[in-house]
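Tertiary structure, described
If you want the building blocks of each chain, they are given just below.
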Amino acid sequence: MPELPEVETIRRDLASSIVGQEISAVKLLFLKTAKNKAAFFVGALKGHKVAEISRTGKLLILKIKSKTKTEIQNYLLIHLKMTGQLILAAGAKKIGGGHSLGGNSFADSVGGELPNKYTRAVIEFKGGTKLFFNDLRKFGYLKIVNDLELARILKAGYGPEPLTPGLSAAYLEGKLKNKKKNIKAFLLDQKIIAGLGNIYVDEALFAAGIKPMRIVASLKALEVKKLYQEINKVIKKAIASRGTTFNNYVDSAGKKGNFSRLLKVYGRGKLPCPKCRQPLIKTKLAGRGTHYCDYCQK
DNA sequence: GTGTTTGTTATCAA
DNA sequence: CTTGATAACAAACA
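In this report, the structure presented in the accompanying data block is examined. (Residues numbered from 1 in each chain as written. Chains lettered and ligands numbered in written order. Predicted model: local features only at pLDDT ≥ 70, side-chain atom pairs only at ≥ 80, totals over all residues. Heavy atoms only, no water.)

**Quick notes on the overall build of chain A**
Rules: Here a helix means four or more residues in a row that DSSP labels H or I, a strand means two or more in a row labelled E, and each is numbered from the N terminus. In this description the radius of gyration comes from C-alpha coordinates, and the expected globular size is given by 2.2 Å times residues to the power 0.38. Under the scheme applied here, a residue whose accessible area is under 20% of the maximum for its type counts as buried, over 50% as exposed, and between as partly exposed, the area being computed with a 1.4 Å probe on protein chains only. Whether two residues touch is decided by their heavy atoms; if any such pair falls within 4.5 Å, the residues are in contact. In this charge count, Lys and Arg are treated as positive and Asp and Glu as negative; neither His nor the chain ends contribute. The atom standing in for a charge is NZ when the residue is Lys, CZ when it is Arg, CG when it is Asp and CD when it is Glu.
Along the backbone of chain A there are eight helices and 10 strands. Computed over its C-alpha atoms, the radius of gyration of chain A comes to 21 Å, within 12% of the 19 Å expected for a compact globule of 298 residues. Counting only C-alpha atoms, chain A reaches 65 × 45 × 30 Å along its principal axes. Residues classed as buried in chain A amount to 49% of the 298 residues present. In chain A, of all internal contacts separated by at least 6 residues, the share reaching a separation of at least 24 is 64%. The averaged location of the 22 negative side-chain charges in chain A is 3 Å from the averaged location of its 54 positive side-chain charges.

Here you go:
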């Protein structure tokens, strides 16, 4: 389940390896993964260079360099949804006389040849580097949009991000005023905060000592401030750990995230609460598995 | 065969 | 009209 820290980890890795590189071929192994018509999708990428890579929430945005001044500015959007992976395989290195040793880092860390049965698309670069888009459940997508469409998507669907000035305790106070939603659903809403998902919402609420089913309008100013601080803290730590691998998240080298062992409540079922040792509770809220401590969270 | 997993959207109800 | 809650999607595993 890639959330902000996982997508940011991938963004940083890709930025250092494919920015400036020219796309030589695009292969679609599952047509519906590309949200545009195949011919248009391939045409918009092939022969173009990657200008830069950014991210909004869980959405990865590759700016595609236009070939001429009049050519429209395109972006490749990549959303991993639940099970998407982006794996880079370096091109065969020319080493005099030697055989190619470990050219595929994915095989080294996870063990598997690429493409595999879940590979939905492959983007190949001139130097031989290949970017594999794997997605077991086919929820993820690739989509070419122009600058107008991108602006519209970002404006309509994404609120401020953690760790940016746009997200503040005051902003949250304004958003939750008079609202009757529970805080779990509130935090999962990308239009309110971009980038949080099920794992980090449960972790932030535990750290802030707030029960996930609390109605947002009932939160005291002090609780909102604490929540805001804990959201930033957990996201910052998770990025530093290169994300959380719970099911199948891996970075662009095929390696797992290190934050999993730092999780306090997510995926811990009825294990003792790390603070009070009472058994944690797992229930369902906002249609999602929800983990919390009935004693530590008020 | 059943229930569970989640990011996002679609749909329905209040 | 707004808001909120829930189903649906997809596929694999216990």
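**Considering the packing of aromatic side chains**
When we look at a pair of aromatic rings, we describe it by the centre distance and by the angle of the planes. Rules: Here a pair means two rings of Phe, Tyr or Trp (six-membered ring of Trp) with centres within 6.5 Å. Their orientation is stacked below 30 degrees between planes, edge-to-face above 60, and tilted elsewhere. The rule for a charge over a ring is simple: NZ of Lys or CZ of Arg within 6 Å of the ring centre, and within 35 degrees of the ring normal.
The full count for this structure, using the stated rule, is one aromatic pair. Ring centres 6.0 Å apart and planes at 45° place the aromatic pair Tyr-200 and Phe-259 in the tilted group. With Tyr-200 in helix 7 (residues 198-208) and Phe-259 in the loop between helix 8 (221-240) and strand 9 (281-285), this pair connects stretches of sequence that are 59 residues apart. We classify Phe-259 as buried; its relative accessible area is 3%. One Lys or Arg, Arg-120, reaches over the ring of Phe-30 and ends 5.7 Å from the middle of that ring. A cation over an aromatic ring shows up here: Lys-275 above the ring of Phe-206, its NZ or CZ 4.7 Å from the ring centre.

**So, the protein's contact with DNA strand C**
Heads up, the condition is: A cutoff of 4 Å decides nearness: a residue is near a molecule or strand if any of its heavy atoms lies inside that distance of it. Each polar contact in these results corresponds to two N or O atoms within 3.5 Å; when the atoms are within protein, one needs to be able to donate a hydrogen and the other to accept it, and residues that are neighboring in sequence are counted only if both atoms are side-chain atoms. Only Asp, Glu, Lys and Arg are considered charged, only Ala, Val, Leu, Ile, Met, Phe, Trp, Tyr, Cys and Pro nonpolar, and every remaining residue, Gly among them, polar.
In the vicinity of DNA strand C, the residues found are Met-82, Tyr-118, Leu-136, Arg-137, Lys-138, Phe-139, Lys-179, Lys-180, Lys-181 and Arg-288. The sugar-phosphate share of atoms of DNA strand C within 4 Å of the protein amounts to 53%. The separation between a phosphate oxygen of DNA strand C and a polar side-chain atom of Lys-138 is 2.8 Å. When the residues that make up the surface near DNA strand C are grouped by side-chain class, the tally is four nonpolar, no polar and six charged.

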